[in-house]
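Structure assessment
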Amino acid sequence: LLITQPEHPFSALCHINRPNMIPQKLILATALLFLSACCFSQTNYDKDWKTVSHLYDKGRTKSALEKVIDIYNQALKEHNDVQQIKASIYRLEYSEQISDTAVISNYYMLGKMILNANAPSKNILLSLKAELLLTYSYNYRWRRYNATNIENDSSDDITEWSQDKITSEVGTLY
């Protein structure tokens, strides 16, 4: 009589699956390669923001603004809401430093951005627009001291708005 060791109950399964292990590993490695390629192909926002900071620190605000606009456009393509909001805030700040009339163009720019945004980004943009309008109201209130209120004023030009209309619009936006 020949006595042998009993086989492990799963040994038959191991031998059956062994030839299939190589293709599974190959598929897994290929998937990981494509996944890492996708991750590394995204914009390196930290590097871009360091460039913006460096340009601004050197007094090159216009160049920093151009880089911020590039970041915003890239974030828009990638549907990266966080970077879009951050770029919008920097864009508002830098453009106001470059031009005295930037407040007006920024107001309308935010309006266009709000139309394409989804919550919670839309809510943040609405708040930024209200804050911009409120700041404009404080900085240019001397223009409206002797202005008369117009009934049913439907003008889109914020430079012609009365204080009451500005206050009403700020309340609506907040």
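Relevant structure appears above.
The following refers to the structure shown. Since this is a predicted model, take the numbers as computed values, not measurements.

In this fold, Val-68 is placed in helix α3 (residues 61-78). Residue classification places Val-68 among the buried residues on the basis of a relative accessible area of 0%. Each C-alpha atom, one on Val-68 and one on Trp-49, is 8.0 Å from the other, the two residues being 19 residues apart in sequence. Apart from residues lying up to four places away in sequence, Val-68 is in contact with Trp-49, Val-52, Ala-87, Tyr-90, Arg-91 and Tyr-94.

Attention now moves to the packing of aromatic side chains. Pairs of aromatic rings are described using the distance from one ring centre to the other and the angle between the two planes. Summed over the entire model, instances satisfying the criterion amount to four aromatic pairs. Each ring, one from Tyr-56 and one from Tyr-94, has its centre 4.8 Å from the other, and the planes form 15 degrees; the classification is stacked. Within this pair, whereas Tyr-56 is found in helix α2 (residues 45-57), its partner Tyr-94 is found in helix α4 (residues 81-98), the two being separated by 38 residues in sequence. A residue is classified by how much of its surface remains accessible, and Tyr-94, at 3% relative accessible area, is buried. Joined through ring pairs, the aromatic side chains of Trp-49, Tyr-56, Tyr-90 and Tyr-94 make up one cluster. Positioned above the aromatic ring of Tyr-72, the side-chain terminus of Arg-91 is 5.9 Å from the ring centre. In this structure, Lys-129 is placed above the aromatic ring of Tyr-107, and the distance from its NZ or CZ to the ring centre is 4.6 Å.

Within the secondary structure, Gln-83 sits in helix α4. Setting aside anything within four residues of it in sequence, one finds Gln-83 in contact with Tyr-45, Trp-49, Ile-71 and Ala-75.

Inspection of helix α7 (residues 163-173) places Lys-165, Ile-166, Val-170 and Leu-173 among the buried residues, and these make up the whole buried set. For α7, the buried positions fall inside an angular range of 135 degrees around the axis, keeping them on one side. The outward face of α7, more than 90 degrees from its buried face, is lined by the exposed residues Gly-171 and Thr-172. The inward-facing, buried residues of α7 abut α6 (121-139).

Looking now at the pattern of salt bridges. This structure, assessed with the given rule, holds one salt bridge. Among the ionic pairs, Lys-67 bridges to Asp-48, the shortest N-O distance being 3.4 Å. Of this pair, Lys-67 sits in helix α3 while Asp-48 sits in helix α2, placing them 19 residues apart in sequence.

Let us now look at the packing of α6 against α7. The relative placement of two packed helices is expressed as an angle between their axes plus a distance between the axes. Where α6 contacts α7, the axes come no closer than 8 Å and their chain directions differ by 160 degrees. In terms of orientation, α6 lies roughly antiparallel with respect to α7. Where α6 crosses over α7, the two elements pack in a sense that is left-handed. Packed against α6, whose contacting residues are Leu-126, Lys-129, Ala-130, Leu-133, Leu-134, Tyr-136 and Ser-137, the element α7 presents Gln-163, Ile-166, Glu-169, Val-170 and Leu-173 at the interface. Residues that form the contact of α6 with α7 fall into these classes: eight nonpolar, two polar and two charged.

Now for α6. The first and last C-alpha atoms of α6 sit 27 Å apart over 19 residues, in line with the 27 Å expected at 1.5 Å per residue. Looking at α6, one finds that the buried residues are Ser-121, Leu-125, Leu-128, Lys-129, Ala-130, Leu-132, Leu-133, Tyr-136 and Ser-137. Considering only its buried residues, α6 is in contact with α4, α5 (102-116) and α7.

Moving on, we come to the nonpolar core. Residues Trp-49, Val-52, Leu-110, Leu-125 and Leu-133 are the most contacted members of the largest nonpolar core, which totals 32 residues. With near-sequence residues (within four places) excluded, Leu-110 lies in contact with Leu-92, Leu-125, Leu-128, Lys-129 and Leu-132.

What follows covers the packing of α3 against α4. In contact at an axis separation of 9 Å, α3 and α4 are set at 155 degrees when each is read in the N-to-C sense. By the criterion of interaxial angle, the relationship of α3 to α4 is roughly antiparallel. You can see that α3 and α4 cross each other, and the crossing is left-handed. Contacts between α3 and α4 pair Thr-61, Lys-62, Ala-64, Leu-65, Val-68, Ile-69, Ile-71, Tyr-72, Ala-75 and Leu-76 from the former with Gln-83, Gln-84, Ala-87, Ser-88, Tyr-90, Arg-91, Tyr-94, Ser-95, Gln-97 and Ile-98 from the latter. Class assignment of the residues belonging to the contact of α3 with α4 gives a composition of twelve nonpolar, six polar and two charged.

The rules behind these values
- Residues numbered from 1 in each chain as written.
- Predicted model: local features only at pLDDT ≥ 70, side-chain atom pairs only at ≥ 80, totals over all residues.
- Heavy atoms only, no water.
- Helix = DSSP H or I, 4+ residues; strand = E, 2+ residues; numbered from the N terminus.
- Buried < 20%, exposed > 50% of the residue type's maximum accessible area, 1.4 Å probe, protein only.
- Contact = heavy atoms within 4.5 Å.
- Phe/Tyr/Trp six-rings, centres within 6.5 Å; stacked < 30°, edge-to-face > 60°.
- Lys NZ or Arg CZ within 6 Å of the ring centre and 35° of its normal.
- Arc of directions from axis to C-beta.
- Salt bridge = Lys/Arg side-chain N within 4 Å of Asp/Glu carboxyl O.
- Axes fitted to C-alpha atoms, helices over the stretch in contact; angles between N-to-C directions.
- Parallel < 35°, antiparallel > 145°, perpendicular 65-115°, else oblique.
- Left-handed = near helix turned anticlockwise from the far one by under 90°.
- Nonpolar A, V, L, I, M, F, W, Y, C, P; charged D, E, K, R; others polar.
- Expected span 1.5 Å × (residues − 1).
- Core = buried A, V, L, I, M, F, W, Y, C linked by side-chain atoms within 4.5 Å.

That is the geometry; function is a separate question.
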